[in-house]
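Now for the letters of each chain:
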Amino acid sequence: MRNIVILGSTGSIGKNALDIVDRNPDKLKVVGLAAGSNHEELARQVEKYRPTHVTLSDKTRLSTLKSTLSGSSVTVLEDTGFSNALEEISALPDTEVVLNAIVGVAGLRATASALVTGKIVALANKESMVAGGPILNALAEEHGGKIIPVDSEHSAIFQCLQAGKHDEIKRLVLTGSGGPFLDRVNLDDVPVSEALKHPNWNMGPKITIDSATMMNKGLEIIEAAYLFDLPAEKISVVIHPQSIVHSMVEFVDGAIIAQLSKPDMRLPIQNALLYPDRMPLDVCNLDLTEAISLEFRPPDMDKYISLKLAYRALNEGGISPTVLNAANEVAVKAFLDGRIKFTQICEIIRRTMDDLETGDIPDLNDVYRANMWAADVAEDFVYSYA
Ligand code: NAD
Ligand code: MG
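Each chain carries its own residue numbering, running from 1 in the direction its sequence is written. Following the order in which they are written, the chains are lettered starting with A and the ligands numbered starting with 1. With pLDDT at 70 or above as the cut-off, local features in this predicted model cover only qualifying residues; side-chain atom pairs require 80 or more to be listed or tallied, and sums for whole chains, interfaces and linings still use all residues. With hydrogens and water set aside, each side-chain value is computed from the structure's full complement of heavy atoms.

1. Topic: helix α13 (residues 320-336)
Thinking step 1. Secondary structure counts use DSSP, requiring at least four H or I residues in a row for a helix and at least two E residues in a row for a strand, with both numbered from the N terminus. A helix is expected to span 1.5 Å for every residue after the first. The first and last C-alpha atoms of α13 sit 24 Å apart over 17 residues, in line with the 24 Å expected at 1.5 Å per residue.
Thinking step 2. Across the 17 residues that make up α13, a large majority, 14, are buried.
Thinking step 3. Following α13 by one or two positions, Gly-338 adopts a phi angle in the positive range, close to 75°. In this scheme, a residue with accessible area under 20% of its type's maximum is buried, one over 50% is exposed, and one in between is partly exposed, where area comes from a 1.4 Å probe on protein chains only.

Put into structure tokens, the structure is as follows:
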């Protein structure tokens, strides 16, 4: 039996992860659950999965959760002057895997804490890797932690890499559906409701907007560079509207290895939670005797400024990816709140990157500082547009 902690358990990835737990009751035991604000759903999950520890980031709702759970044996963790509840729950002893499915850079402390305590991090929270990748890699190496990707593209690449050695990789090919606006030319007046309609995946609001701007693919370029220790020029993107091929690795001899399955996040989640084992998962089976067409085309780099910005951040290095991620989080929230236009999201990211000088990030505190700094600058741009 493998003890696991699920962070962001009330979200899209979190609920899919609990479905994987339901399918593997003799292999996975939930010992910790954490969420942002949905105390009712979290209380229901506590009742069903009986973890030993639980926490909620919203302080007011945490009090309600505490009253709901009073009398039960579960320990409700909260932030104090000396401790951070997400860090604590990610460092629980006798826990093998922490699935980080929190949205945004808010998940960074938890990823670091799990790695420092030598755990496997099943990483959906790509913003952790984008904001602090080199430091997280160093922490993993120093303390014996390991990152197993949950993002479907990176899970695919992780699997494809079994086919060759690191110095035999010619390039990674990240696939992207192109989102809801693949064939739309003018994106100026896109309403929030349309940007929230992804053609193939049902996900949380932030990543759905990231998919519409293609910044999701931009973040994934940076995530891949750090996860697989490769330079920007060895990572490419191809548009694949069907979302069947989840990504590919091309080796030096020209062989391209791909991973195919139905678009369902339960496959990469299960692979990470049960790593290195595989278990049957019928919901992802692809029937290749049915007529299926697979299309691939290059992305329009003039339309998707997000991809250019991601390559720029990766090439600049230092705090640039942290700045890009922070500005994106601020801009996406402003768009969802109806404060800026769709096309202003990438404009704000570019202007924030232009404004801040690049600099090194020797440790996590520098990442938090750069993140706050960039978020403030981006917020000023939002005000200037609103
Ligand atoms: P979501 O919005 O559906 O869920 C986010 C979860 O995080 C919720 O449980 C929420 O309560 C929790 N949360 C938010 N802020 C928090 C905080 N400060 N402290 C603790 N918990 C907090 O998002 P999602 O779609 O499940 O995505 C989660 C992460 O996984 C994101 O980083 C996303 O990019 C990544 N991801 C998602 C998918 C997908 O299919 N949904 C695919 C690949 C990667
Ligand atoms: Mg992805």
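Right, picking up where we left off after that structure.
2. Concerning the sheet that holds strand β10 (residues 245-251)
In any sheet, the strands associate via hydrogen bonds between backbone groups, in a parallel or an antiparallel arrangement.
Thinking step 1. Read across the open sheet, the four strands follow the order β9-β8-β10-β11; overall the sheet is mixed. One side of each edge strand has no neighbouring strand; the edge strands of this open sheet are β9 (235-239) and β11 (256-260). Taking the axes of each pair of neighbouring strands and ignoring which way they run, one obtains an average angle of 20° across the sheet.
Thinking step 2. If DSSP finds at least two bridges between two strands, the strands pair. Where strand β8 (residues 169-176) meets β9, five bridges bridge the pair, whose relative direction is parallel. What sits directly across from Val-173, in β9, is Ser-236. As a rule, the C-alpha atoms of each element are fitted with a line to give its axis, helices using only the stretch in contact, and angles between N-to-C directions run from 0 to 180 degrees.

3. Some details on the domain arrangement of the protein
In many reports, interface size means the accessible area that the parts give up when they come together.
Thinking step 1. Taken domain by domain, the protein holds domain 1 (2-149) and domain 2 (166-264 + 297-385).
Thinking step 2. Each domain's limits were defined by an automated method or a database of domain assignments. The C-alpha centroid of domain 2 is placed 25 Å from the C-alpha centroid of domain 1.
Thinking step 3. Only heavy atoms matter for contacts: two residues are in contact if any of them lie within 4.5 Å across the pair. Counting from both sides, the interface comprises 20 residues of domain 1 and, opposite them, 24 residues of domain 2.
Thinking step 4. As used here, buried area is the combined drop in accessible area, with a 1.4 Å probe, of two parts when they are placed together. A combined buried area of about 1800 Å² lies between domain 1 and domain 2, and 69% of that area is made up of carbon and sulfur atoms.
Thinking step 5. The three residues of domain 1 that bury the most area against domain 2 are Lys-126, Val-130 and Ile-135, which together make up 35% of that side's buried surface.
Thinking step 6. Should a side-chain nitrogen of Lys or Arg be within 4 Å of a carboxyl oxygen of Asp or Glu, the pair is scored as a salt bridge. Summed over the shared surface of domain 1 and domain 2, the number is two salt bridges.
Thinking step 7. Its salt-bridge partner being Lys-126, residue Glu-220 comes within 2.9 Å of it at the nearest N-O pair.
Thinking step 8. Polar contact is defined as a pair of N or O atoms within 3.5 Å, subject to the rule that within protein one atom must be able to donate a hydrogen and the other to accept it, and that residues adjacent in sequence are counted only when both atoms are side-chain atoms. Our enumeration of links across domain 1 and domain 2 arrives at seven residue pairs in polar contact (both at pLDDT 80 or more).
Thinking step 9. Elements supplying a minimum of two residues to the side of domain 1 that touches domain 2: α5 (108-116), α6 (126-143) and β7 (146-149).
Thinking step 10. Sort the elements by how many residues they give to the side of domain 1 that touches domain 2 and α6 lands first, with eleven residues.

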